[in-house]
Amino acid sequence: YALAAPLWALAGGSVLAVRLLSACFQGATVFLVWLGATRLLPGRPAVAFGAAAVAAFLPVQAQLGGAISNDALTHLLCVPLVFAAARWAERGNTVREAALLGVLFGAGLWTKLTVLQMAPLLALGAAVGAARGRLSWRDAALRTALLVAVGLAVASPWLA
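If you're wondering where the values come from, they're calculated on a predicted model, not measured in any experiment. (Residues numbered from 1 in each chain as written. Predicted model: local features only at pLDDT ≥ 70, side-chain atom pairs only at ≥ 80, totals over all residues. Heavy atoms only, no water.)

Chemist: Describe the overall build of the protein chain, with residues and values.
Modeler: Of the regular secondary structure elements, the protein chain holds 8 helices and 0 strands. Along the protein chain, helices (α) and strands (β) appear in the sequence α-α-α-α-α-α-α-α when read from the amino end. Seen through its C-alpha atoms, the protein chain measures out along the principal axes to roughly 55 × 45 × 20 Å. Put simply, 67% of the contacts in the protein chain that link residues at least 6 apart link residues at least 24 apart. If you sum the accessible surface of the protein chain, you get close to 8900 Å²; carbon and sulfur atoms cover 74% of it. (Helix = DSSP H or I, 4+ residues; strand = E, 2+ residues; numbered from the N terminus. Contact = heavy atoms within 4.5 Å. Areas by Shrake-Rupley, 256 points an atom, 1.4 Å probe, with all protein chains shown as cover.)

Chemist: Summarise helix α8 (residues 137-155); cite the residues concerned and give the values.
Modeler: Owing to its 3.6 residues per turn, the α-helix aligns residues three or four sequence positions apart on the same side. In a regular helix each residue adds 1.5 Å, so 19 residues correspond to 27 Å; α8 covers 27 Å between its end C-alpha atoms and thus fits that length. Those residues of α8 lying buried are Ala140, Arg143, Thr144, Leu147 and Gly151. Summarising the axial view, the buried residues of α8 lie within an arc of 100°, below the 170-degree limit, and thus occupy one face. Each element contacted by the buried residues of α8 is listed here: α5 (71-91), α6 (95-111) and α7 (118-131). (Expected span 1.5 Å × (residues − 1). Buried < 20%, exposed > 50% of the residue type's maximum accessible area, 1.4 Å probe, protein only. Arc of directions from axis to C-beta.)

Chemist: Report on the nonpolar core, specifying residues and quantitative values.
Modeler: The biggest cluster of nonpolar side chains holds 18 residues, and the ones touching the most others in it are Leu81, Trp88, Phe105, Val115, Met118, Leu122 and Leu147. At the level of secondary structure, the elements contributing two or more residues to this core comprise α5, α6, α7 and α8. Membership of the second largest hydrophobic core comes to 8 residues, among which are Val30, Val33, Ala48 and Phe83. (Core = buried A, V, L, I, M, F, W, Y, C linked by side-chain atoms within 4.5 Å.)

What follows is the structure in structure tokens.
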């Protein structure tokens, strides 16, 4: 809502302008789903196209794409977190990745607290990476904790 307020004021109180902003967030979400699937599964463009199609044509996604709500931005911020969990399971993670994704996690928390549900998914991705020997269990736990701590610090009302 804080991102939409200046646009609404600049557009003279136009609801259409704010709906278009939500549609842009939705379009960017579909693009990120396609991009993430392309990078996660190189050589399988049909899977990436299918993932993007699902993201674009789910009825709730289509409805939220034109609505004035924080959901479109929340989805946009969660897509990279989902693909990060999958990549961590495949190859492990770095301290830098965990910290950067923590910032994204915190930005997601600013939009909607339901983004907290991403933390167990990220922990699972790191745990699978550790089970596959991509990183140690200690590093998996510490990097997941770092991501969550950075995210909570970014979303903290004391920083606002």
